[in-house]
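# Observations on chain architecture
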Amino acid sequence: MLTLLKDFYLIGFIPHGHCYLWQTGLVWLNIIGDATIALAYYSIPCLLVYFISRRKDVPFNGVFLLFGAFIIACGTGHLMDIWTLWYPDYWIAAGLKAFTALISIYTAFALVYLIPLALKIPSPAQLEAANQALKSEIVERKRIEQELRIAEEIATNSSQAKSEFLANMSHELRTPLNGILGYTQILQRTESLTEKGYKGVEIIQQCGSHLLTLINDVLDLAKIEARKLELNPIDFYFPAFIDSVTEICRIRAEQKVIGFHVQLSADLPVGIRADDKRLRQVLINLLGNAIKFTEKGSVIFKVEVKATQEEFQQLPIHKIRFEVTDTGVGMNPEQLQKIFLPFEQVGEQKLQFEGTGLGLAITHKFITLMGSQIEVKSELGQGSSFWFDLELPEAKDWAKASRAIRQGTVVGYEGKKRTILVVDDKWQNRSVVINLLEPIGFVVIEASNGKEALAQVSAYQPDLVITDLMMPVMNGFEFITQLRQFSQFEKTTVIASSASVFETDQYKSIDAGANAFLPKPIDAEMLLELLRKYLLLEWVYDNTSNDKITSIKGITDNQEDIIPPNQEVLHKLLELVRDGDIEGIIEIANQISILDEKINKFAQQITHFASNFQVKLLEEFVQKYLPLT
């Protein structure tokens with residue numbers, strides 16, 4: 001190195017200098033030129049590395065690196081030319097040039113392969129044209145989206161208009177049915193009819209009920225399409241449910257003189273949790289259709305457990321298959337494609353007049369709502385088979401959903417007379433309620449709209465109000481809202497009643513201040529149950545003995561001689577009361593009745609409340625003997 005510096009400053013030349021004729025200026029010119037070229041060469045790979053690090057998406061990074069290596073080799077070759085001015089390391093210089101030649105050849109071949117790919121890259125003009133086309137497509141897509149949004153709004157408005165129309169039609173169609181079905185109940189309960197007259201009234205009720213079913217079918221379909229129908233699962237006793245469905249259909253099959261066979265697997269659960277109303281509707285539709293289109297042979301109803309899923313600390317879930325097979329008219333492939341469409345009917349023309357063509361459409365939608373799919377297999381002239389699988393949780397406490405048993409015909413009630421205000425713009429509807437309630441001791445007053453009702457409430461201060469919702473002058477919602485603004489009527493029981501079957505109207509009436517909702521046509525048993533519940537009534541039946549049942553007031557006034565059982569039993573009773581387990585309550589009451597005479601009185605009272613399904617009174621009675629918490 002010292003020799004190099006010495007030669008550099010003394011401007012001495014080694015034999016390589018002969019190539020430059022020993023001319024100092026020429027030597028310096030080559031030194032400066034080679035150094036500058038090397039510096040420029042070295043800067044290019046640095047820029048390429050920077051570019052690759054910032055644009056990793058470029059598909060030619062490998063070639064860039066290869067080209068960078070070639071440039072570095074070239075730059076090093078120029079520096080080697082300067083080195084050999086002083087030191088004759090010509091083998092090293094030649095090897096470097098050979099290495100550079102190899103890299104250059106490899107780079108050339110790589111470029112030959114990549115040039116066709118590079119030529120496919122769009123030019124700036126092509127990119128601009130594509131950009132303009134993309135902008136046009138975006139504008140077109142926004143226009144289409146706007147049109148779709150407008151169409152969706154129109155469809156939503158149309159659906160809402162249809163729902164409102166159906167709600168109004170529901171009210172208009174069900175209102176006359178309220179009078180028809182209501183008076184058939186009144187005539188059957190209160191009038192002495194000949195056998196012919198009784199059969200006539202029965203036919204009127206059957207026809208009215210059938211018409212009501214058809215109206216409900218149309219409304220159910222509309223509610224499903226509008227996504228306003230929800231399932232209401234409850235726990236119920238599965239064998240009794242199957243029996244109720246099969247008995248209804250067995251009668252129809254016997255009338256047609258065809259076989260009706262029920263096949264139940266031995267491992268069916270005793271209790272299940274499902275929407276019993278909708279499931280019953282589905283099964284009766286399928287069985288009814290099978291019987292309807294079967295003239296000879298038989299209908300087979302098969303229920304079996306396909307699988308059971310045990311879950312940790314949860315009740316098992318059973319996959320249950322319901323299958324209906326018949327030997328009826330069957331269907332061809334074209335008919336199979338249309339059977340689940342609304343108002344489509346197949347089979348003989350004379351059989352098509354027996355329904356609306358909505359049964360299978362509603363059945364299909366109900367099963368879909370339950371999380372399953374209905375399957376069908378049919379052969380023309382041989383019969384059809386429909387089946388679907390439902391995953392249903394097992395219900396151990398199905399008895400909690402037990403319904404009240406009928407005690408007989410109500411002929412009166414214990415205690416003072418109660419006043420009922422009936423508000424409805426249709427006199428037929430008011431007449432039904434009046435004729436149901438006046439014969440059993442109620443004082444019934446009337447009003448034709450909400451404004452009249454407010455005046456009647458002020459004048460008579462009724463114990464309970466039954467009000468229609470759709471009325472002129474002042475509707476039921478406004479009436480309930482204004483009634484609740486008076487402090488003296490804040491706790492007056494109000495039952496909203498309407499022919500509308502949409503849940504929104506029911507919720508709106510409750511939000512306005514109503515205590516309960518009573519659908520029209522009014523069912524007498526449901527009306528009486530609501531009156532019993534909210535007026536705390538003790539019914540008198542026509543089959544009761546002359547010994548009157550102890551009134552509630554008398555019970556509450558004479559409880560000093562009643563000794564309750566221990567706290568553990570009381571807590572268990574309270575738990576059963578809150579669960580609605582009437583059967584369990586009566587069972588405990590029977591167990592403690594033999595322990596002590598005074599405890600026996602407690603048990604008798606518990607049995608009395610439970611047998612009459614007076615759950616609220618039962619809960620208050622048990623809580624009286626529990627310490628305050």
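Residues numbered from 1 in each chain as written. Predicted model: local features only at pLDDT ≥ 70, side-chain atom pairs only at ≥ 80, totals over all residues. Heavy atoms only, no water.

When its secondary structure is counted, the chain shows 21 helices and 14 strands. Of all 629 residues assigned to the chain, the portion counted as buried reaches 41%. Intrachain contacts of the chain at a sequence separation of at least 6 include 70% that bridge at least 24 residues. Carbon together with sulfur atoms contributes 58% to the accessible area of the chain, which is approximately 36100 Å² in total. (Helix = DSSP H or I, 4+ residues; strand = E, 2+ residues; numbered from the N terminus. Buried < 20%, exposed > 50% of the residue type's maximum accessible area, 1.4 Å probe, protein only. Contact = heavy atoms within 4.5 Å. Areas by Shrake-Rupley, 256 points an atom, 1.4 Å probe, with all protein chains shown as cover.)

For the rest of this paragraph, the subject is the sheet that holds strand 13 (residues 516–519). With parallel pairing, the five strands of this open sheet are ordered in space as 10-9-11-12-13. Each end of this open sheet is capped by a strand with a single partner; those strands are strand 10 (443–447) and strand 13. Averaged over all pairs of adjacent strands, the angle between strand axes in this sheet comes to 20°, irrespective of strand direction. Note: strand 12 (residues 493–498) against strand 13, four bridges, orientation parallel. The residue of strand 13 that forms the bridge with Ala496 is Phe517. Seen against the sheet, helix 13 (residues 450–460) touches strand 9 (419–423), strand 10 and strand 11 (464–468) and runs at an angle of roughly 145° to strand 10. Along the sheet face, helix 14 (residues 476–483) touches strand 9, strand 11 and strand 12 and points at about 150° away from the line of strand 11. (Pairing = 2+ DSSP bridges. Axes fitted to C-alpha atoms, helices over the stretch in contact; angles between N-to-C directions.)

Turning to the packing of aromatic side chains, a few remarks are in order. Summed over all chains, the structure comprises ten aromatic pairs. Ring centres of Tyr413 and Trp539 lie 6.3 Å apart, and the angle between their planes is 85°; on these two criteria the pair is classed as edge-to-face. Separated by 126 residues along the polypeptide, Tyr413 in strand 8 (residues 410–413) and Trp539 in strand 14 (residues 539–541) bring together distant segments of the chain. The exposure class assigned to Trp539 is buried, which follows from its relative accessible area of 7%. Above the plane of the ring of Phe477 lies Lys508, whose end atom (NZ or CZ) is 4.8 Å from the centre. (Phe/Tyr/Trp six-rings, centres within 6.5 Å; stacked < 30°, edge-to-face > 60°. Lys NZ or Arg CZ within 6 Å of the ring centre and 35° of its normal.)

With that settled, consider the confidence of the model for the chain. Looking at the chain, pLDDT values average 77 and 75% of them are 70 or higher. Averaged pLDDT values over the elements of the chain bottom out at 42 in helix 17 (residues 552–557) and peak at 94 in strand 9. Note that pLDDT drops below 50 for residues 349–355; the model gives that stretch nine contacts with residues more than four away or on any other chain. For residues 544–558, every residue scores under 50 in pLDDT, and the model assigns this stretch 13 contacts once sequence neighbours within four places are set aside. (pLDDT = per-residue confidence, 0-100.)

By the element assignment, Phe99 lies in helix 4 (residues 90–119). Among the residues examined, Phe99 registers a relative accessible area of 47% and is labelled partly exposed. Spatially, the C-alpha atom of Phe99 lies 9.1 Å from that of Phe70, the residues being 29 residues apart in sequence.

Here we take up the nonpolar core. Core analysis: the largest hydrophobic core is formed by 39 residues, its most contacted members being Phe238, Phe301, Phe322 and Phe388. Counting residues per element, this core draws most heavily on helix 8 (residues 276–292), at eight residues. When sequence neighbours within four positions are dropped, the list of residues in contact with Phe322 reads Phe238, Ile242, Leu279, Leu283, Phe301, Lys302, Val303, Phe386, Trp387, Phe388, Leu390 and Leu392. Ranked by size, the runner-up nonpolar core spans 28 residues in total, among them Ile420, Val432, Phe442 and Ala516. (Core = buried A, V, L, I, M, F, W, Y, C linked by side-chain atoms within 4.5 Å.)

Moving on: helix 7 (residues 238–255). With 18 residues, helix 7 ought to run about 26 Å at 1.5 Å a step, and its terminal C-alpha atoms sit 26 Å apart, in line with that. Among the residues making up helix 7, those that are buried are Phe238, Phe241, Ile242, Val245, Thr246, Cys249 and Ala253. Buried residues along helix 7 cover an arc of 110° about the axis, so they all sit on one side. Away from its buried face by more than 90 degrees, helix 7 exposes Glu254 and Gln255. Contacts from the buried residues of helix 7 go to strand 1 (234–237), strand 2 (259–264), strand 3 (271–274), helix 8, strand 4 (298–309) and strand 5 (317–326). Backbone geometry just downstream of helix 7 places Val257 in the positive-phi region, at approximately 55°. (Expected span 1.5 Å × (residues − 1). Arc of directions from axis to C-beta.)

Turning to unusual backbone geometry, a few remarks are in order. Located in the positive-phi region is Gln461, a residue other than glycine, with phi close to 45°. In this fold, Gln461 is placed in the loop between helix 13 and strand 11. One non-glycine residue with positive phi stands out, namely Val473, at about 65°. If you trace the backbone, Val473 turns up in the loop between strand 11 and helix 14.

Moving on: the environment of Gly200. Within the element layout of this structure, Gly200 appears in helix 6 (residues 195–225). Since its relative accessible area comes to 29%, Gly200 is described here as partly exposed. When the C-alpha positions of Gly200 and Thr184 are compared, they lie 9.7 Å apart, and in sequence the two are 16 residues distant.

Strand order in this open sheet of five strands is 2-4-5-7-6, and the pairing throughout is mixed. The sheet terminates laterally at strand 2 and strand 6 (375–379), the two strands that pair on one side only. The sheet shows a mean angle of 15° between the axes of neighbouring strands, taken without regard to direction.

Per the stated rule, a full pass over the model turns up eleven salt bridges. A salt bridge links Arg143 to Glu140, with the nearest nitrogen and oxygen atoms 2.3 Å apart. You can see Arg143 and its partner Glu140 sitting in helix 5 (residues 124–190), three residues apart, about one turn around the helix. Judged by relative accessible area, which is 39%, Arg143 ranks as partly exposed. Judged by relative accessible area, which is 35%, Glu140 ranks as partly exposed. Here Arg321 and Asp389 are joined by a salt bridge, their closest N and O atoms 2.7 Å apart. Here Asp389 lies in strand 7 (residues 383–393) and Arg321 lies in strand 5, a separation of 68 residues in the sequence. (Salt bridge = Lys/Arg side-chain N within 4 Å of Asp/Glu carboxyl O.)

What follows concerns the packing of helix 7 against helix 8. Any two packed helices are characterised by the angle at which their axes cross and by the distance between the axes. Interhelical geometry of helix 7 versus helix 8 gives an angle of 25° and a closest axis separation of 10 Å. Regarding the angle of helix 7 to helix 8, the classification is roughly parallel. The hand of the helix 7/helix 8 crossing is right-handed. Taking contact as the criterion, the partners of Phe241, Ser244, Val245, Ile248, Cys249, Arg252 and Ala253 in helix 7 are, on helix 8, Asp276, Leu279, Arg280, Leu283, Ile284, Leu287, Gly288 and Ile291. A per-class count over the contact of helix 7 with helix 8 returns ten nonpolar, two polar and three charged. (Parallel < 35°, antiparallel > 145°, perpendicular 65-115°, else oblique. Left-handed = near helix turned anticlockwise from the far one by under 90°. Nonpolar A, V, L, I, M, F, W, Y, C, P; charged D, E, K, R; others polar.)

Attention now moves to a nonpolar patch on the surface. Where nonpolar side chains cluster on the molecular surface, the patch consists of Leu187, Leu193 and Tyr198 and spans about 240 Å² of accessible area. Tyr198 sits in the partly exposed class, given a relative accessible area of 40%. (Patch = residues over 30% accessible without salt bridge, like charges linked within 9 Å, V, L, I, M, F, W, Y side chains within 5 Å.)

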